Protein chains: 2
Amino acid sequence: MTNKGQILRLLNYKNLLKHLQTLGFKKVFSDNISDTLEISSSLVRKDFGNFGITGNRKGGYEIDSILGKIDDILGKDEIQKVVVIGVGRIGEALMKYQGFMKEGIQIVAGFDIDPSRINTEGNPPVLHNDKIADFIKENDIKICIMTVPQMVAKHTVDLLSATGIGGILNFTPIKFQSTAELTINNINIVHELENLIYVVNKQKDKE
Amino acid sequence: MTNKGQILRLLNYKNLLKHLQTLGFKKVFSDNISDTLEISSSLVRKDFGNFGITGNRKGGYEIDSILGKIDDILGKDEIQKVVVIGVGRIGEALMKYQGFMKEGIQIVAGFDIDPSRINTEGNPPVLHNDKIADFIKENDIKICIMTVPQMVAKHTVDLLSATGIGGILNFTPIKFQSTAELTINNINIVHELENLIYVVNKQKDKE
DNA sequence: TCAATATTGTTAAGTTTTTCACATAAATTT
DNA sequence: AAATTTATGTGAAAAACTTAACAATATTGA
(Lines give C-alpha, C1' and ligand atoms only; values in the text may rest on other atoms or scores of the structure.)
Protein backbone atom coordinates (compact mmCIF):
# COMPACT_ATOMS: atom_id res chain seq x y z
CA MET A 1 0.00 0.00 0.00
CA THR A 2 1.12 3.51 -0.81
CA ASN A 3 0.94 6.13 1.88
CA LYS A 4 0.99 9.91 1.91
CA GLY A 5 4.73 10.13 2.57
CA GLN A 6 5.54 8.01 -0.44
CA ILE A 7 3.43 10.13 -2.78
CA LEU A 8 4.90 13.36 -1.45
CA ARG A 9 8.39 11.91 -1.98
CA LEU A 10 7.39 10.91 -5.50
CA LEU A 11 6.37 14.51 -6.16
CA ASN A 12 9.74 15.68 -4.85
CA TYR A 13 11.49 13.22 -7.14
CA LYS A 14 9.47 14.62 -10.01
CA ASN A 15 10.44 18.21 -9.24
CA LEU A 16 14.10 17.33 -8.96
CA LEU A 17 14.12 15.24 -12.13
CA LYS A 18 12.38 17.94 -14.13
CA HIS A 19 15.03 20.36 -12.95
CA LEU A 20 17.83 17.99 -13.93
CA GLN A 21 16.10 17.48 -17.28
CA THR A 22 16.14 21.22 -18.01
CA LEU A 23 19.85 21.21 -17.18
CA GLY A 24 20.33 18.64 -19.93
CA PHE A 25 20.85 15.49 -17.85
CA LYS A 26 19.62 12.22 -19.33
CA LYS A 27 20.42 9.81 -16.51
CA VAL A 28 20.32 9.93 -12.74
CA PHE A 29 21.55 7.63 -9.95
CA SER A 30 19.75 6.98 -6.69
CA ASP A 31 22.75 8.55 -4.97
CA ASN A 32 22.26 11.86 -6.80
CA ILE A 33 18.65 12.01 -5.69
CA SER A 34 19.43 11.06 -2.12
CA ASP A 35 22.11 13.73 -1.82
CA THR A 36 19.79 16.50 -2.96
CA LEU A 37 16.67 15.45 -1.05
CA GLU A 38 18.54 14.28 2.05
CA ILE A 39 17.06 10.82 2.21
CA SER A 40 18.95 7.55 1.81
CA SER A 41 19.60 6.17 -1.64
CA SER A 42 18.04 2.87 -0.62
CA LEU A 43 14.77 4.62 0.13
CA VAL A 44 14.84 6.16 -3.33
CA ARG A 45 15.39 2.71 -4.86
CA LYS A 46 12.72 1.17 -2.65
CA ASP A 47 10.22 3.87 -3.62
CA PHE A 48 11.02 3.39 -7.28
CA GLY A 49 10.64 -0.36 -6.86
CA ASN A 50 7.27 0.05 -5.13
CA PHE A 51 6.02 2.20 -7.97
CA GLY A 52 7.37 -0.14 -10.64
CA ILE A 53 10.09 2.26 -11.77
CA THR A 54 13.14 0.32 -12.90
CA GLY A 55 16.64 1.36 -13.88
CA ASN A 56 19.72 -0.29 -15.29
CA ARG A 57 22.29 -1.82 -13.02
CA LYS A 58 25.40 0.29 -13.31
CA GLY A 59 23.56 2.64 -15.69
CA GLY A 60 21.17 4.34 -13.28
CA TYR A 61 17.73 5.58 -14.23
CA GLU A 62 16.65 7.37 -17.40
CA ILE A 63 15.10 10.68 -16.43
CA ASP A 64 12.61 10.86 -19.32
CA SER A 65 11.38 7.38 -18.58
CA ILE A 66 10.93 7.98 -14.84
CA LEU A 67 9.06 11.22 -15.43
CA GLY A 68 6.68 9.43 -17.77
CA LYS A 69 6.11 6.70 -15.22
CA ILE A 70 5.48 9.22 -12.44
CA ASP A 71 2.89 10.97 -14.57
CA ASP A 72 1.25 7.59 -15.22
CA ILE A 73 1.19 6.86 -11.49
CA LEU A 74 -0.29 10.26 -10.72
CA GLY A 75 -2.82 9.94 -13.54
CA LYS A 76 -1.69 13.05 -15.35
CA ASP A 77 -3.37 12.13 -18.62
CA GLU A 78 -6.23 14.56 -18.13
CA ILE A 79 -6.52 18.04 -16.63
CA GLN A 80 -7.83 18.00 -13.07
CA LYS A 81 -10.62 20.50 -12.55
CA VAL A 82 -10.74 21.99 -9.05
CA VAL A 83 -13.07 24.54 -7.44
CA VAL A 84 -12.43 26.91 -4.55
CA ILE A 85 -15.10 27.22 -1.86
CA GLY A 86 -14.84 30.56 -0.05
CA VAL A 87 -13.22 33.43 -1.95
CA GLY A 88 -11.74 35.47 0.88
CA ARG A 89 -8.14 36.65 0.69
CA ILE A 90 -6.61 33.18 0.83
CA GLY A 91 -9.23 31.67 -1.46
CA GLU A 92 -8.74 34.42 -4.01
CA ALA A 93 -4.97 34.06 -3.86
CA LEU A 94 -5.24 30.32 -4.52
CA MET A 95 -7.77 30.86 -7.33
CA LYS A 96 -5.29 33.08 -9.12
CA TYR A 97 -2.16 31.13 -8.24
CA GLN A 98 -0.26 30.32 -11.41
CA GLY A 99 1.59 27.29 -10.05
CA PHE A 100 -1.27 24.81 -10.47
CA MET A 101 -1.52 24.98 -14.24
CA LYS A 102 1.81 23.42 -15.07
CA GLU A 103 0.91 20.41 -12.92
CA GLY A 104 -2.26 19.86 -14.92
CA ILE A 105 -4.54 21.39 -12.31
CA GLN A 106 -7.10 23.97 -13.40
CA ILE A 107 -9.14 26.09 -11.00
CA VAL A 108 -12.43 26.30 -12.88
CA ALA A 109 -14.56 28.33 -10.45
CA GLY A 110 -14.80 29.91 -7.03
CA PHE A 111 -17.87 30.09 -4.81
CA ASP A 112 -18.86 32.54 -2.12
CA ILE A 113 -21.96 33.65 -0.26
CA ASP A 114 -21.03 37.35 -0.34
CA PRO A 115 -22.67 39.05 -3.38
CA SER A 116 -19.84 41.59 -3.58
CA ARG A 117 -17.39 38.82 -4.39
CA ILE A 118 -19.46 37.24 -7.12
CA ASN A 119 -18.20 37.77 -10.66
CA THR A 120 -19.71 35.40 -13.16
CA GLU A 121 -17.59 36.89 -15.97
CA GLY A 122 -14.30 36.44 -14.12
CA ASN A 123 -11.65 34.00 -15.22
CA PRO A 124 -12.16 31.83 -13.34
CA PRO A 125 -15.68 32.99 -12.41
CA VAL A 126 -16.87 33.44 -8.85
CA LEU A 127 -20.39 32.09 -8.41
CA HIS A 128 -22.85 32.11 -5.56
CA ASN A 129 -22.75 29.26 -3.05
CA ASP A 130 -26.20 28.06 -4.06
CA LYS A 131 -24.72 26.95 -7.37
CA ILE A 132 -22.13 24.64 -5.79
CA ALA A 133 -24.05 21.37 -5.97
CA ASP A 134 -25.21 21.83 -9.56
CA PHE A 135 -21.78 22.96 -10.75
CA ILE A 136 -20.00 20.02 -9.14
CA LYS A 137 -22.41 17.53 -10.66
CA GLU A 138 -22.57 19.10 -14.12
CA ASN A 139 -18.82 19.53 -14.42
CA ASP A 140 -17.88 16.26 -12.72
CA ILE A 141 -15.68 18.03 -10.14
CA LYS A 142 -13.94 15.61 -7.79
CA ILE A 143 -11.71 17.94 -5.78
CA CYS A 144 -12.16 21.27 -4.05
CA ILE A 145 -10.14 23.67 -1.95
CA MET A 146 -12.03 24.91 1.11
CA THR A 147 -11.07 28.37 2.35
CA VAL A 148 -14.18 29.45 4.21
CA PRO A 149 -14.30 31.08 7.66
CA GLN A 150 -13.92 28.65 10.54
CA MET A 151 -17.50 29.25 11.68
CA VAL A 152 -19.06 27.82 8.55
CA ALA A 153 -16.50 25.05 7.96
CA LYS A 154 -18.60 22.22 9.39
CA HIS A 155 -21.67 23.31 7.46
CA THR A 156 -19.63 23.60 4.26
CA VAL A 157 -18.20 20.10 4.64
CA ASP A 158 -21.72 18.72 5.08
CA LEU A 159 -22.89 20.57 2.00
CA LEU A 160 -19.92 19.36 -0.07
CA SER A 161 -20.28 15.83 1.20
CA ALA A 162 -23.86 15.77 -0.06
CA THR A 163 -22.73 16.73 -3.57
CA GLY A 164 -20.70 13.53 -3.79
CA ILE A 165 -17.36 15.28 -4.19
CA GLY A 166 -14.35 13.02 -3.57
CA GLY A 167 -11.75 15.23 -1.92
CA ILE A 168 -11.43 18.46 0.08
CA LEU A 169 -8.20 20.30 0.73
CA ASN A 170 -9.20 22.05 3.94
CA PHE A 171 -7.46 25.29 4.93
CA THR A 172 -9.74 26.08 7.87
CA PRO A 173 -8.37 25.45 11.37
CA ILE A 174 -11.03 22.81 12.05
CA LYS A 175 -9.60 19.34 11.54
CA PHE A 176 -11.92 17.01 9.67
CA GLN A 177 -11.68 13.24 9.34
CA SER A 178 -11.92 11.44 6.01
CA THR A 179 -14.59 8.87 5.31
CA ALA A 180 -14.70 6.05 2.76
CA GLU A 181 -16.39 8.35 0.24
CA LEU A 182 -14.75 11.68 1.01
CA THR A 183 -11.05 12.28 1.61
CA ILE A 184 -10.30 15.44 3.58
CA ASN A 185 -6.70 16.63 3.89
CA ASN A 186 -6.13 19.39 6.40
CA ILE A 187 -3.56 22.17 6.08
CA ASN A 188 -3.36 24.22 9.26
CA ILE A 189 -1.10 27.16 8.56
CA VAL A 190 -1.24 28.45 12.12
CA HIS A 191 -0.13 25.04 13.41
CA GLU A 192 2.70 24.93 10.89
CA LEU A 193 3.88 28.30 12.13
CA GLU A 194 3.47 27.37 15.80
CA ASN A 195 5.44 24.21 15.16
CA LEU A 196 8.25 26.20 13.55
CA ILE A 197 8.26 28.64 16.47
CA TYR A 198 8.53 25.73 18.88
CA VAL A 199 11.46 24.18 17.03
CA VAL A 200 13.33 27.48 16.72
CA ASN A 201 12.84 28.33 20.39
CA LYS A 202 13.98 24.86 21.48
CA GLN A 203 17.05 25.19 19.28
CA LYS A 204 17.89 28.49 20.96
CA ASP A 205 17.41 26.98 24.43
CA LYS A 206 19.98 24.30 23.69
CA GLU A 207 22.70 26.81 22.88
CA MET B 1 13.24 13.71 21.59
CA THR B 2 10.12 15.40 20.38
CA ASN B 3 9.32 15.26 16.70
CA LYS B 4 7.09 17.26 14.39
CA GLY B 5 4.20 14.83 14.64
CA GLN B 6 4.11 15.07 18.41
CA ILE B 7 4.01 18.87 18.37
CA LEU B 8 1.28 18.93 15.74
CA ARG B 9 -0.74 16.49 17.85
CA LEU B 10 -0.16 18.71 20.87
CA LEU B 11 -1.62 21.62 18.90
CA ASN B 12 -4.62 19.49 18.01
CA TYR B 13 -5.10 18.60 21.66
CA LYS B 14 -4.98 22.29 22.48
CA ASN B 15 -7.64 23.17 19.90
CA LEU B 16 -9.94 20.43 21.10
CA LEU B 17 -9.46 21.27 24.78
CA LYS B 18 -10.12 24.95 24.20
CA HIS B 19 -13.33 23.99 22.45
CA LEU B 20 -14.36 21.73 25.34
CA GLN B 21 -13.48 24.54 27.74
CA THR B 22 -15.83 26.97 26.01
CA LEU B 23 -18.55 24.32 26.28
CA GLY B 24 -18.04 24.38 30.04
CA PHE B 25 -16.17 21.13 30.54
CA LYS B 26 -13.63 21.00 33.37
CA LYS B 27 -12.21 17.49 32.93
CA VAL B 28 -11.37 15.26 30.02
CA PHE B 29 -10.37 11.61 29.63
CA SER B 30 -7.86 10.26 27.16
CA ASP B 31 -10.74 8.30 25.61
CA ASN B 32 -12.66 11.50 24.82
CA ILE B 33 -9.67 12.94 23.04
CA SER B 34 -8.91 9.77 21.13
CA ASP B 35 -12.50 9.46 19.90
CA THR B 36 -12.53 12.97 18.46
CA LEU B 37 -9.04 13.01 16.96
CA GLU B 38 -9.14 9.37 15.80
CA ILE B 39 -5.95 8.27 17.46
CA SER B 40 -5.62 5.70 20.22
CA SER B 41 -6.12 6.75 23.82
CA SER B 42 -2.75 5.26 24.72
CA LEU B 43 -1.05 7.61 22.27
CA VAL B 44 -2.78 10.54 23.96
CA ARG B 45 -1.56 9.35 27.36
CA LYS B 46 1.90 8.68 25.98
CA ASP B 47 2.12 12.17 24.46
CA PHE B 48 0.93 13.71 27.71
CA GLY B 49 3.51 11.68 29.61
CA ASN B 50 6.29 12.76 27.25
CA PHE B 51 5.38 16.39 27.77
CA GLY B 52 5.08 16.03 31.53
CA ILE B 53 1.31 16.45 31.57
CA THR B 54 -0.18 14.35 34.34
CA GLY B 55 -3.75 13.47 35.27
CA ASN B 56 -5.52 11.68 38.09
CA ARG B 57 -6.18 7.98 37.93
CA LYS B 58 -9.90 7.56 37.63
CA GLY B 59 -10.28 11.35 37.56
CA GLY B 60 -8.92 12.13 34.09
CA TYR B 61 -7.14 15.37 33.18
CA GLU B 62 -8.06 18.91 34.20
CA ILE B 63 -8.55 20.97 31.06
CA ASP B 64 -7.36 24.29 32.52
CA SER B 65 -4.21 22.69 33.82
CA ILE B 66 -3.37 20.92 30.53
CA LEU B 67 -3.90 24.09 28.51
CA GLY B 68 -1.55 25.97 30.81
CA LYS B 69 1.07 23.24 30.47
CA ILE B 70 0.72 23.22 26.66
CA ASP B 71 1.27 26.96 26.56
CA ASP B 72 4.36 26.50 28.73
CA ILE B 73 5.67 23.82 26.38
CA LEU B 74 5.03 26.02 23.36
CA GLY B 75 6.55 29.05 25.06
CA LYS B 76 3.43 31.15 24.79
CA ASP B 77 4.52 33.63 27.43
CA GLU B 78 5.45 36.30 24.90
CA ILE B 79 4.03 37.41 21.56
CA GLN B 80 5.90 35.95 18.61
CA LYS B 81 6.77 38.56 16.03
CA VAL B 82 6.80 37.26 12.45
CA VAL B 83 7.54 38.97 9.12
CA VAL B 84 6.34 38.07 5.64
CA ILE B 85 8.87 38.12 2.81
CA GLY B 86 7.15 38.62 -0.54
CA VAL B 87 3.79 40.40 -0.53
CA GLY B 88 2.11 38.88 -3.57
CA ARG B 89 -1.43 37.58 -3.30
CA ILE B 90 -0.60 34.75 -0.91
CA GLY B 91 1.80 36.87 1.12
CA GLU B 92 -0.75 39.63 1.46
CA ALA B 93 -3.47 37.16 2.44
CA LEU B 94 -1.25 35.74 5.19
CA MET B 95 -0.26 39.22 6.37
CA LYS B 96 -3.89 40.08 6.93
CA TYR B 97 -5.02 36.68 8.19
CA GLN B 98 -6.76 37.13 11.53
CA GLY B 99 -6.14 33.61 12.82
CA PHE B 100 -2.57 34.18 14.00
CA MET B 101 -3.33 36.74 16.66
CA LYS B 102 -5.25 34.52 19.05
CA GLU B 103 -2.31 32.10 19.06
CA GLY B 104 0.04 34.85 20.15
CA ILE B 105 1.55 35.38 16.71
CA GLN B 106 1.81 38.91 15.33
CA ILE B 107 2.74 39.74 11.75
CA VAL B 108 4.75 42.92 12.27
CA ALA B 109 5.81 43.71 8.70
CA GLY B 110 5.89 42.59 5.10
CA PHE B 111 8.71 43.07 2.61
CA ASP B 112 8.70 43.30 -1.16
CA ILE B 113 10.90 44.54 -3.96
CA ASP B 114 8.03 45.99 -5.99
CA PRO B 115 7.61 49.75 -5.15
CA SER B 116 3.88 49.60 -5.91
CA ARG B 117 3.38 47.20 -3.02
CA ILE B 118 5.28 49.24 -0.47
CA ASN B 119 3.17 50.98 2.15
CA THR B 120 5.15 52.14 5.14
CA GLU B 121 1.98 53.45 6.83
CA GLY B 122 0.10 50.17 6.50
CA ASN B 123 -0.83 48.00 9.44
CA PRO B 124 1.24 45.98 9.25
CA PRO B 125 3.55 48.05 7.02
CA VAL B 126 5.05 46.77 3.79
CA LEU B 127 8.68 47.83 3.49
CA HIS B 128 11.26 47.51 0.74
CA ASN B 129 13.40 44.38 0.66
CA ASP B 130 16.56 46.35 1.34
CA LYS B 131 15.27 46.97 4.88
CA ILE B 132 14.95 43.24 5.72
CA ALA B 133 18.30 42.73 7.44
CA ASP B 134 18.11 45.86 9.59
CA PHE B 135 14.50 45.22 10.55
CA ILE B 136 15.18 41.62 11.60
CA LYS B 137 18.13 42.63 13.71
CA GLU B 138 16.56 45.70 15.29
CA ASN B 139 13.30 43.94 16.13
CA ASP B 140 14.84 40.61 17.10
CA ILE B 141 12.72 38.68 14.58
CA LYS B 142 13.29 34.92 14.70
CA ILE B 143 10.67 33.66 12.28
CA CYS B 144 9.50 34.62 8.81
CA ILE B 145 7.02 33.43 6.23
CA MET B 146 8.50 33.28 2.73
CA THR B 147 6.03 33.81 -0.11
CA VAL B 148 8.28 35.04 -2.91
CA PRO B 149 8.24 33.83 -6.53
CA GLN B 150 10.02 30.52 -7.10
CA MET B 151 12.74 32.20 -9.18
CA VAL B 152 14.05 34.28 -6.28
CA ALA B 153 13.50 31.70 -3.55
CA LYS B 154 17.12 30.53 -3.35
CA HIS B 155 18.44 34.07 -3.30
CA THR B 156 15.94 35.04 -0.60
CA VAL B 157 16.93 32.11 1.62
CA ASP B 158 20.59 33.13 1.31
CA LEU B 159 19.71 36.70 2.21
CA LEU B 160 17.61 35.61 5.20
CA SER B 161 20.22 33.15 6.35
CA ALA B 162 22.77 35.97 6.50
CA THR B 163 20.52 37.99 8.82
CA GLY B 164 20.72 35.24 11.43
CA ILE B 165 16.99 34.49 11.43
CA GLY B 166 16.08 31.18 13.05
CA GLY B 167 13.16 29.83 11.04
CA ILE B 168 11.51 30.13 7.64
CA LEU B 169 8.07 28.86 6.75
CA ASN B 170 8.59 28.37 3.03
CA PHE B 171 5.59 28.49 0.70
CA THR B 172 7.60 28.40 -2.54
CA PRO B 173 7.70 25.13 -4.46
CA ILE B 174 11.46 24.82 -3.95
CA LYS B 175 12.24 22.46 -1.09
CA PHE B 176 14.97 23.72 1.22
CA GLN B 177 16.88 21.77 3.85
CA SER B 178 17.34 23.01 7.39
CA THR B 179 20.76 23.62 8.88
CA ALA B 180 21.87 23.74 12.50
CA GLU B 181 21.29 27.51 12.59
CA LEU B 182 18.24 27.86 10.34
CA THR B 183 15.13 25.68 10.38
CA ILE B 184 13.18 25.71 7.12
CA ASN B 185 9.75 24.08 7.01
CA ASN B 186 8.30 23.66 3.54
CA ILE B 187 4.60 23.87 2.66
CA ASN B 188 4.00 22.88 -0.94
CA ILE B 189 0.37 23.57 -1.71
CA VAL B 190 0.57 22.14 -5.22
CA HIS B 191 1.96 18.89 -3.82
CA GLU B 192 -0.78 18.75 -1.20
CA LEU B 193 -3.36 19.10 -3.94
CA GLU B 194 -1.64 16.58 -6.21
CA ASN B 195 -1.52 14.13 -3.34
CA LEU B 196 -5.24 14.57 -2.70
CA ILE B 197 -5.97 14.07 -6.40
CA TYR B 198 -3.94 10.86 -6.36
CA VAL B 199 -5.78 9.50 -3.34
CA VAL B 200 -9.21 10.37 -4.70
CA ASN B 201 -8.46 8.84 -8.10
CA LYS B 202 -7.11 5.65 -6.51
CA GLN B 203 -10.21 5.42 -4.37
CA LYS B 204 -12.37 5.67 -7.46
CA ASP B 205 -10.32 2.98 -9.25
CA LYS B 206 -10.98 0.52 -6.45
CA GLU B 207 -14.74 0.82 -6.78
C1' DT C 1 -14.40 0.56 55.63
C1' DC C 2 -14.16 -2.41 52.01
C1' DA C 3 -15.32 -3.93 47.48
C1' DA C 4 -16.18 -2.60 42.90
C1' DT C 5 -15.11 0.30 39.21
C1' DA C 6 -12.83 3.34 36.05
C1' DT C 7 -8.89 5.62 34.34
C1' DT C 8 -4.02 6.75 34.34
C1' DG C 9 0.85 5.56 33.61
C1' DT C 10 3.94 2.44 31.62
C1' DT C 11 5.91 -1.69 29.76
C1' DA C 12 5.59 -4.87 26.17
C1' DA C 13 4.00 -6.03 21.66
C1' DG C 14 2.94 -4.80 17.15
C1' DT C 15 3.26 -2.11 13.00
C1' DT C 16 5.21 0.87 9.79
C1' DT C 17 9.04 3.11 7.83
C1' DT C 18 13.80 3.51 6.86
C1' DT C 19 18.35 1.84 6.40
C1' DC C 20 21.81 -1.68 5.80
C1' DA C 21 24.08 -5.06 3.28
C1' DC C 22 25.00 -7.72 -0.39
C1' DA C 23 23.93 -10.69 -4.39
C1' DT C 24 23.11 -9.65 -9.14
C1' DA C 25 23.92 -7.61 -13.41
C1' DA C 26 25.56 -4.19 -16.71
C1' DA C 27 29.54 -1.52 -18.27
C1' DT C 28 34.43 -0.76 -18.54
C1' DT C 29 39.13 -1.94 -18.46
C1' DT C 30 42.94 -4.79 -19.05
C1' DA D 1 37.35 -12.59 -22.67
C1' DA D 2 38.19 -12.30 -18.03
C1' DA D 3 38.53 -9.31 -14.22
C1' DT D 4 37.07 -5.19 -12.12
C1' DT D 5 34.09 -1.70 -11.13
C1' DT D 6 29.73 0.40 -10.06
C1' DA D 7 24.74 0.63 -9.62
C1' DT D 8 20.42 -1.57 -8.98
C1' DG D 9 17.06 -4.53 -6.57
C1' DT D 10 15.80 -6.75 -2.47
C1' DG D 11 15.57 -9.41 1.82
C1' DA D 12 16.96 -8.81 6.46
C1' DA D 13 17.87 -5.63 10.25
C1' DA D 14 17.12 -1.54 12.63
C1' DA D 15 14.69 2.39 13.98
C1' DA D 16 10.64 4.93 14.74
C1' DC D 17 6.06 5.15 15.83
C1' DT D 18 1.56 3.36 17.51
C1' DT D 19 -1.35 0.34 19.97
C1' DA D 20 -2.47 -3.18 23.37
C1' DA D 21 -2.45 -4.72 27.87
C1' DC D 22 -2.43 -4.39 32.50
C1' DA D 23 -0.73 -3.07 37.13
C1' DA D 24 -1.29 0.81 40.10
C1' DT D 25 -4.43 3.84 42.15
C1' DA D 26 -8.04 7.20 42.93
C1' DT D 27 -13.07 7.47 43.35
C1' DT D 28 -17.60 5.85 44.22
C1' DG D 29 -21.08 3.27 46.55
C1' DA D 30 -22.67 -0.19 49.65
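Reading the values: the criteria
- Residues take numbers from 1 onward in each chain, read along the sequence in its written order.
- Chain letters start at A and ligand numbers start at 1, both assigned in the order the entries are written.
- In view of the model being predicted, local features appear only for residues whose pLDDT reaches at least 70, and side-chain atom pairs are presented and counted only at 80 or more, with totals across whole chains, interfaces and linings using the full set of residues.
- Side-chain descriptors were evaluated using all non-hydrogen atoms of the structure, hydrogens and water having been removed beforehand.
- At least two bridges found by DSSP between two strands are what make those strands a pair.
- Numbering goes from the N terminus for both helices and strands, where a helix is a DSSP run of H or I of at least four residues and a strand is a run of E of at least two.
- Note on definitions: angles span 0 to 180 degrees between N-to-C directions of axes, and those axes are lines fitted to C-alpha atoms, for helices only across the stretch in contact.
- Every residue pair with non-hydrogen atoms within 4.5 Å of one another is taken to be in contact.
- The nearness test applies per residue and asks whether one of its heavy atoms lies within 4 Å of the molecule or strand.
- Here a polar contact means two N or O atoms within 3.5 Å. Within protein one must be a hydrogen donor candidate and the other an acceptor candidate, and residues neighboring in sequence count only if both atoms are side-chain atoms.
- Under the convention adopted here, Pro, Cys and the residues Ala, Val, Leu, Ile, Met, Phe, Trp and Tyr are nonpolar, Asp, Glu, Lys and Arg are charged, and Gly plus all remaining residues are polar.
- Whether a residue is buried, partly exposed or exposed follows from its accessible area with a 1.4 Å probe, protein chains only, as a fraction of its type maximum: under 20%, in between, or over 50%, in that order.
- Throughout, nonpolar core names a set of buried Ala, Val, Leu, Ile, Met, Phe, Trp, Tyr and Cys residues whose side chains join them through atoms within 4.5 Å.
- A clockwise course of the path from the first strand over the helix to the second, judged with the strands pointing away from the viewer, identifies a crossover as right-handed.
- Take the accessible area each of two parts loses on contact, using a 1.4 Å probe, and add the two losses: that sum is the buried area.
- One speaks of a salt bridge when a side-chain nitrogen belonging to Lys or Arg is within 4 Å of a carboxyl oxygen belonging to Asp or Glu.
- The copies were overlaid by least squares, fitting only the C-alpha atoms of residues that reach a pLDDT of 70 or more in each copy.

Caption draft 1: A look at the sheet that holds strand β6 (residues 143-146) of chain A. All names here are of chain A. In spatial order, the strands read β5-β4-β3-β6-β7-β8; together these six strands make up an open sheet with parallel pairing. Edge positions in the sheet fall to β5 (126-128) and β8 (183-186), since each has one partner strand and no second. Across the sheet, the axes of successive neighbouring strands diverge by a mean angle of 25 degrees, strand direction being ignored. With four bridges joining them, strand β7 (residues 167-170) and β8 adopt parallel strand pairing. Among the inter-strand pairings, Gly 167 is bridged to a residue of β8, identified as Thr 183. Sitting on the sheet, helix α7 (residues 153-163) is in contact with β3 (80-85), β6, β7 and β8, with an inclination near 170 degrees to β6.

Caption draft 2: The protein's contact with DNA strand D, seen in detail. Residues in contact with DNA strand D amount to 20 residues; listed here are only the nearest, A:Ser30, A:Arg45, A:Gly55, A:Arg57 and A:Tyr61. Measuring from a base nitrogen of DNA strand D, one finds a side-chain N or O atom of B:Ser42 at 3.2 Å. Mapped onto the surface near DNA strand D, the elements with two or more residues apiece are α3 (41-50) of chain A together with α3 (41-50) of chain B. A total of four residues in the surface near DNA strand D trace back to one element, the largest contributor, which is α3(B). Looking at the surface near DNA strand D, its residues break down into three nonpolar, eight polar and nine charged.

Caption draft 3: Just the protein's contact with DNA strand C, in detail. Taken together, the neighbourhood of DNA strand C is formed by 20 residues, with A:Asn3, A:Ser40, A:Arg57, B:Ser30 and B:Arg57 sitting nearest. Counting only the atoms of DNA strand C that lie within 4 Å of the protein, the sugar and phosphate share comes to 62%. Taking A:Arg45, its side chain carries an N or O atom lying 3.3 Å from a base nitrogen of DNA strand C. Contact distances for DNA strand C include 3.5 Å between a base nitrogen and a side-chain N or O atom of B:Lys46. Of all the secondary-structure elements, those providing two or more residues to the surface near DNA strand C are α3 of chain A together with α3 of chain B.

Caption draft 4: The arrangement of the side chain of B:Asp112 in detail. Residues and elements named next belong to chain B. Among the secondary structure elements, Asp 112 is positioned in strand β4 (residues 105-112). For Asp 112, a relative accessible area of 6% puts it in the buried group. A distance of 2.7 Å separates a polar atom in the side chain of Asp 112 from the backbone nitrogen of Val 87. The residues touching Asp 112, leaving out its near neighbours within four places in the chain, are Gly 86, Val 87, Gly 88, Arg 117, Ile 118, Val 126, Leu 127, His 128 and Asn 129.

Caption draft 5: Examining the nonpolar core more closely. If you look at the biggest cluster of nonpolar residues, it comprises 44 residues, and the most contacted ones within it are A:Ile145, A:Leu193, B:Ile145 and B:Leu193. In contact with B:Leu193, not counting residues within four places along its chain, are A:Val82, A:Phe100, A:Ile105, A:Ile143, A:Ile145 and A:Leu169.

Caption draft 6: Broad picture of the pairing of strand β3 (residues 80-85) of chain B. Residues and elements named next belong to chain B. Burial runs high along β3: five of the six residues are buried. Two elements, β3 and β4, share six bridges in a ladder whose sense is parallel. Bridge pairing in β4 links Gln 80 to Ile 105. Crossover handedness for the path β3 to helix α5 (residues 89-95) to β4: right-handed.

Caption draft 7: Highlighting the interface of chain B and chain A. Contacts between the two partners involve 63 residues from chain B, matched on the other side by 62 residues from chain A. A buried area of about 5600 Å², summed over both sides, lies between chain B and chain A, and 65% of it is on carbon and sulfur atoms. Per-residue buried area on chain B facing chain A is highest for B:His191, B:Leu193 and B:Tyr198; these three make up 11% of the total on that side. Applying the counting criterion to the chain B and chain A interface returns six salt bridges. Here B:Glu192 ties to A:Lys4 by a salt bridge, and the two come within 3.1 Å at their closest N and O atoms. Counting the contacts that link chain B with chain A gives eight residue pairs in polar contact (both at pLDDT 80 or more). The dominant element in the side of chain B that touches chain A, judged by the number of residues it contributes, is helix α8 (residues 189-206) of chain B, at 16 residues.

Caption draft 8: Focus on the relation of the copies chain B and chain A. Least-squares fitting of chain B to chain A yields an RMSD of 0.0 Å, with the superposition described by an axial translation of 0.0 Å and a rotation of 180 degrees. Taken together, the turn and the small shift mark the pair as related by a two-fold rotation axis. Among all C-alpha atoms of chain B, that of B:Ile90 lies closest to the rotation axis, at 3.2 Å. Both copies contact each other with a shared surface, as 98% of the interface residues of chain B are interface residues in chain A too.

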